[in-house]
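Take a look at the letters that make up each chain.
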Amino acid sequence: MIVLGDTLAGFLLVQPPRRDPSIKPLARRSGPSILATLAILIALVAEAVAQAGGGWLLVVPPHIPQKRALMKVYAANSAAEVGAAVDSLPHDEQDLVVTKVYKILAIPTAAARTEAVLDALQDTAAPVRNWRRIRAFESAASCERQRELALQSFELEASSVRAASPDGEELSVEDWRLLEGLSAARKSRCLPESSFVAR
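All values reported here derive from a predicted model rather than from experimental measurement.

**A few points about the overall build of the protein**
- Check the secondary structure of the protein and you find 8 helices and 3 strands.
- When the elements of the protein are put in sequence order from the N terminus, they spell out α-α-β-α-α-α-α-β-α-α-β.
- In the protein, which comprises 199 residues, the share counted as buried stands at 30%.
- Pairs at least 24 apart in sequence give 79% of the contacts found in the protein among residues at least 6 apart.
- For the protein, the accessible surface area stands at approximately 13,300 Å², while carbon and sulfur atoms represent 60% of it.

Following this line, the structure appears as structure tokens:
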């Protein structure tokens, strides 16, 4: 960034403008405005180069703030446990969490139910600065390629989990982790590192 700006400024200083006799010289008062315009152009070019050369990050959304309450409701065995799980939440959030979990619990198979609850935990509306950084890449293309490969791999593994557990029984911890990875991969994004710079 600095090197490019210095190079452009140096080039302009070293190479004097050629005089065309048909063009009249500018008035002296336009000199400062030309220098100001030149400074702005150098800054814009340097910024463009910095963005073009900046890295890319593969990121996944954070969990929703109500994660703990939602999981407690999901695992509850009685109305009292449900009430205790959401007791610390505001009243409108209590209703949303309980309704969301009851809809998930109505899903017949364990794998589909698990995928639904894990998807519900992802906070895709969170500000970008709160997203979890997984890996850095030199370009958007390499980031997207890796994201697609990860998603395909998780989908392949998840298909075997779905096939192995068609009934209503809960999944193993390993299967939960696999489906959690799938959920995160589905909602992952490739973003420029500049998105995470403090403003």
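**With respect to the confidence of the model for the protein**
- Per-residue pLDDT for the protein has a mean of 78; in total, 70% of the residues score no lower than 70.
- Ranking the elements of the protein by mean pLDDT puts helix α1 (residues 2-14) last with 31 and strand β1 (residues 56-60) first with 96.
- Ignoring residues within four places in sequence, the model shows residues 1-39, a span with pLDDT below 50, making 11 contacts including any to other chains.
- Per-residue pLDDT stays below 50 along residues 41-53; that stretch engages in 9 contacts with residues further than four places along the chain or on separate chains.

**Observations regarding the sheet that holds β1**
- Strand order across the open sheet formed by 3 strands is β2-β1-β3, with antiparallel pairing between neighbours. Single-partner strands in this sheet number two, and they are β2 (132-137) and β3 (189-192). Taking each pair of neighbouring strands and ignoring which way they run, the sheet shows an average axis angle of 35°.

**Details of the nonpolar core**
- Judged by nonpolar contacts, the single largest core of 27 residues is most densely connected at Leu70, Val73, Val97 and Leu179.
- When contributions to this core are tallied by element, the ones reaching two or more residues are α3 (67-75), α4 (79-86), α5 (91-105), α6 (110-120), α7 (140-164) and α8 (173-187).
- Of the residues forming this core, the biggest block, 5 residues, is contributed by α6.
- Leave out the neighbours within four places in its chain, and Val73 touches Val82, Ala85, Val86, Val97 and Val101.

**A look at the packing of α3 against α6**
- Two numbers describe how α3 lies on α6: the axes approach to 10 Å, and their chain directions differ by 160°. In terms of orientation, α3 and α6 fall into the roughly antiparallel class. Where α3 crosses over α6, the two elements pack in a sense that is right-handed. Contact with α3, carried on its side by Leu70, Met71 and Tyr74, involves Arg113, Thr114, Val117 and Ala120 of α6 and no other residues of that element.

**What about α7?**
- Its 25 residues give α7 an end-to-end C-alpha distance of 36 Å, which sits within 8% of 36 Å, the value for a rise of 1.5 Å per residue.
- Among all positions in α7, only Ser142, Cys143, Arg147, Leu151, Ala158 and Val161 are buried.

Rules behind the numbers
- Residues numbered from 1 in each chain as written.
- Predicted model: local features only at pLDDT ≥ 70, side-chain atom pairs only at ≥ 80, totals over all residues.
- Heavy atoms only, no water.
- Helix = DSSP H or I, 4+ residues; strand = E, 2+ residues; numbered from the N terminus.
- Buried < 20%, exposed > 50% of the residue type's maximum accessible area, 1.4 Å probe, protein only.
- Contact = heavy atoms within 4.5 Å.
- Areas by Shrake-Rupley, 256 points an atom, 1.4 Å probe, with all protein chains shown as cover.
- pLDDT = per-residue confidence, 0-100.
- Pairing = 2+ DSSP bridges.
- Axes fitted to C-alpha atoms, helices over the stretch in contact; angles between N-to-C directions.
- Core = buried A, V, L, I, M, F, W, Y, C linked by side-chain atoms within 4.5 Å.
- Parallel < 35°, antiparallel > 145°, perpendicular 65-115°, else oblique.
- Left-handed = near helix turned anticlockwise from the far one by under 90°.
- Expected span 1.5 Å × (residues − 1).

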